[in-house]
Structures are given as structure tokens and as C-alpha cells.
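Observations on chain architecture
What follows is each chain in one-letter form.
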Amino acid sequence: MRYETEWQFALSAVDRAWCVALTPRLGGFVTPRVVAFYHHYLASVFAQSKGPAHESGYAFDAELKMYRAMRTSAAKRYDAASLSEMGPGSRMDMNYFTPDGMKYLMLPPRQLPREKDEEQKAILDTEAEVRLVHSADAFEAAQRIHILWVQRPRRAGRWISNMDEISSWLEGWQHPHLNLKLIALVAHFERLHPAVQWHLARQADILVGVSGAAMAWGTFMHRDAVILDLFPPGSKFCTEGWGGNTISHYGGFARLSGMQYTCMEHPAALQGSETPTSHQEHLYLADKEVKEKLGGYWHNQNVLVDMPKFQRYFLEAVEKVLPSLPRRKPP
């Protein structure tokens, strides 16, 4: 295949590199070089673009150009933000884990415009697309942990059905020994500009969501940050436990990027009106729904988070991220 520009070649090379990285196996090109290539090679290809530098020395302007090429058709058509407005130090680089920052997430260009058919579908979703959940006095605390929680619209599948219960628990959460506060930003990523998704990941200490492409943003979190990857039943892709999924899609990304990762399997939240009478019947109905209603695609199942299991893993995640937790100034 011929490439008319070096840009086309670079995109093709990145495409191939990520495809290899996603292959669930060890060996070959599945090494830290894949991640290093992604960060460094594009910067050298576009050396003429003098973008701001990351704390670790990475130049991100080339990556922002890649976002421009990868953006959805809606974003390409309507996005008025220039590359200089997206990078570190730009107007898009603000602390979104604050009430003021969250308000900006609801406005363009951070919030992408809807197509007409999307507007009609959105009427069916009553859940807020962005919300901030936090413990008492969290914004004044010297130690604050940022949790980025990826929620999906109910109509899209992989929706977490007991998010209200989870939010209430997070608001009342207390560390057993430390005066540690938490701030959780719950967002529908499909509505957010890709550059903003990137900034959110850079500001987060723990990334949580039902397994999907959004978990790949963990690559941009600070070293030793935590990814909690939630799975519906029946995937056969999750081996629960820290370090137990080193060759899965996002467990592999975490291993290559220096993240701490675990997956956990949770019950399916059935989309129909069935009310299972036992755990075994629940598993049976979930399997039946995948086969009969979801075309065999387990990953379109909604999820009911098992609270005792999640609470146990969440506390472990907090303990793992504490040594690398940055000190944050009050907003």
C-alpha cells in the first residue's frame, strides 16, 4: 500500500501497533515498546509542531493531531476547537473534578453536539450524562482521590443499573484510618470530546467502568494508577484478582503502561421484566438473554454491580494508589 503523506503512514503504523497490542497473548510485539512507540514516534514524525511537554517529557501535540483524524464525523463537522486549545495548559486543560469544572463539561466544545436521531434517543435516558459524586468536605481536603467512572446510556448496553446505589455509597465512604476524601466524576463518554476524555484520564487516580474501549484511556493515567474493569457474566475474558489478567485487552495495556489492574465479574441486569428467584435462575436468564435478545454478544449486557465485591476491590484499589497519590490544592 502506498502512503501519500508521512501522516498517513504514521496513522497506519499506530493502527497496526494497537492491533498487535490488543492481541491477547504474550511475546512478539506485545512489549512496552508498543506504548513507547505510540508516545514517541508520532512526536518525532511531527517534530515541527512545538507542543507543550508533559511532566515525563512526552510531547503531545502529535497525539492531538491524531485525535483530529480519529474524531467522529459529528466532531469533525462541528468542533471549533483548534489543536492549540486542546493540549496541556490550554483552555480544555482544567480541573474537571470540581463543581465548576463539571459545568464546563456540559458545554461545547467539550460536549459534542447531538445528531437529530441522537436527540430523540436521549429522551429515553433520564440519567444525568455528567455528575459529580463526592464525600463531605472533599474539595477542601489535603488528600483527595479522583475516581473517573465511565457510565453508558441505558439504550447502549453495558449500562450499570444500580449507579444510584453506588453513588450513595461513594458519598458516605470513609477510609478506615486516613482523612482521605474522594471525588468521583461519572460521565457518558460518548458525549465528550476525545481531548477532554484524555484530560479526564490524566487527572484520575482510579478508572472504573464496564469493559470497553474507554478502559484504554488508562494508558494516559499517572504511573501506578488503578483500573477496575467490570464484566458481565459469561465473557470468559476475566480472571479476577490483581495481576491476573496480564494478557487481556486492558490488563495488557495496564501492564505495559505501569498501571495496576484487576477485572471483576458482576451479575447481569436483565433488560426485560424477568425477576429471577435464585442465583442459578439469574445466570440462566442472563445466558438466555444474550442468545435470544443480544445476538450472542455478552458485552451488550447491562450490569448490576455486586456491592460487597466492589467495595472490597475498591478499598484494595485505594490502598494501591495511595503511595503515588498527588497532593492537590483546593480549587
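Preceding this section is the structure that the text describes.
These notes cover the structure that comes with them. All values derive from a computational prediction rather than experimental measurement.

This paragraph deals with the overall build of the protein chain. Secondary structure summary: the protein chain contains 11 helices and eight strands in total. Here the protein chain, with 331 residues, has 51% of them falling under the buried criterion. Long-range pairs, those at least 24 residues apart, make up 70% of the contacts in the protein chain with a sequence separation of at least 6. For the protein chain, the accessible surface area stands at approximately 16200 Å², while carbon and sulfur atoms represent 54% of it.

A word on the pattern of salt bridges. Close approach of charged atoms allows side chains of opposite charge to pair. For the structure shown, the criterion picks out four salt bridges. Between Asp164 and Arg131 there is a salt bridge; the shortest N-O distance is 3.3 Å. Of the two residues, Asp164 sits in helix α7 (residues 163-171) while Arg131 sits in strand β1 (residues 130-134), which places them 33 residues apart along the sequence. Given a relative accessible area of 55%, Asp164 falls into the exposed group. Residue Asp287 pairs with Lys291 through a salt bridge whose shortest N-O separation is 3.0 Å. Placement of both Asp287 and Lys291 in helix α10 (residues 279-292) is noted, with a separation of four residues, approximately one turn of the helix. Under the relative-accessibility criterion, Lys291 is labelled exposed at 58%.

A word on helix α11 (residues 307-321). If you check α11, its first and last C-alpha atoms are 21 Å apart, about what 15 residues at 1.5 Å a residue would give, namely 21 Å. Of all the positions in α11, only Met307, Lys309, Phe310, Tyr313, Phe314, Ala317, Val318 and Val321 are classed as buried. Seen from one end, α11 has its buried residues packed into an arc of 165°, which puts them on one side. Among the structural elements, β2 (144-151), α7, β3 (181-188), β4 (206-210), β5 (226-231) and β6 (260-265) are those in contact with the buried residues of α11.

Extensive coverage of helix α9 (residues 249-257) is indicated by the burial of seven of its nine residues. Of all the positions in α9, only Tyr250, Gly251, Gly252, Phe253, Ala254, Leu256 and Ser257 are classed as buried. Trailing α9 by a residue or two, Gly258 shows a phi angle of about 80°, which is positive.

So, about the state of the cysteines. Evaluated as defined, the whole model comprises one disulfide. Across the disulfide from Cys238 sits Cys263; the S-S distance is 2.1 Å. Taking the sign of the torsion about the S-S bond as the criterion, the disulfide between Cys238 and Cys263, at about 100°, is right-handed. Of this pair, Cys238 sits in the loop between β5 and α9 while Cys263 sits in strand β6, and the two are 25 residues apart along the sequence. Taking relative accessible area as the criterion, Cys238 reaches 16% and is therefore assigned buried. Given the relative accessible area of 0%, Cys263 is considered buried.

With that settled, consider the sheet that holds β3. Ordered in space as β1-β3-β2-β4-β5-β6, the six strands form an open sheet in which the pairing is mixed. Both edges of this open sheet fall to β1 and β6, since each of them pairs with a single strand only. The average angle at which neighbouring strand axes cross in this sheet is 15°, direction not considered. Summarising the sheet, β2 and β3 pair through eight bridges and their orientation is parallel.

Among the structural elements, Asn245 can be located in the loop between β5 and α9. Looking at Asn245, the relative accessible area reads 5%, which means it is buried. For the pair Asn245 and Arg255, spaced 10 residues apart in sequence, the C-alpha to C-alpha distance is 9.1 Å. Within the structure, Asn245 has its side chain in polar contact with the backbone oxygen of Phe237 (distance 3.0 Å). Reaching out from Asn245, the side chain makes a polar contact with the backbone nitrogen of Thr239 at a distance of 2.8 Å.

Calculation rules
- Residues numbered from 1 in each chain as written.
- Predicted model: local features only at pLDDT ≥ 70, side-chain atom pairs only at ≥ 80, totals over all residues.
- Heavy atoms only, no water.
- Helix = DSSP H or I, 4+ residues; strand = E, 2+ residues; numbered from the N terminus.
- Buried < 20%, exposed > 50% of the residue type's maximum accessible area, 1.4 Å probe, protein only.
- Contact = heavy atoms within 4.5 Å.
- Areas by Shrake-Rupley, 256 points an atom, 1.4 Å probe, with all protein chains shown as cover.
- Salt bridge = Lys/Arg side-chain N within 4 Å of Asp/Glu carboxyl O.
- Expected span 1.5 Å × (residues − 1).
- Arc of directions from axis to C-beta.
- Disulfide = S-S within 2.5 Å.
- Pairing = 2+ DSSP bridges.
- Axes fitted to C-alpha atoms, helices over the stretch in contact; angles between N-to-C directions.
- Polar contact = N/O pair within 3.5 Å; in protein donor to acceptor, adjacent residues only side chain to side chain.

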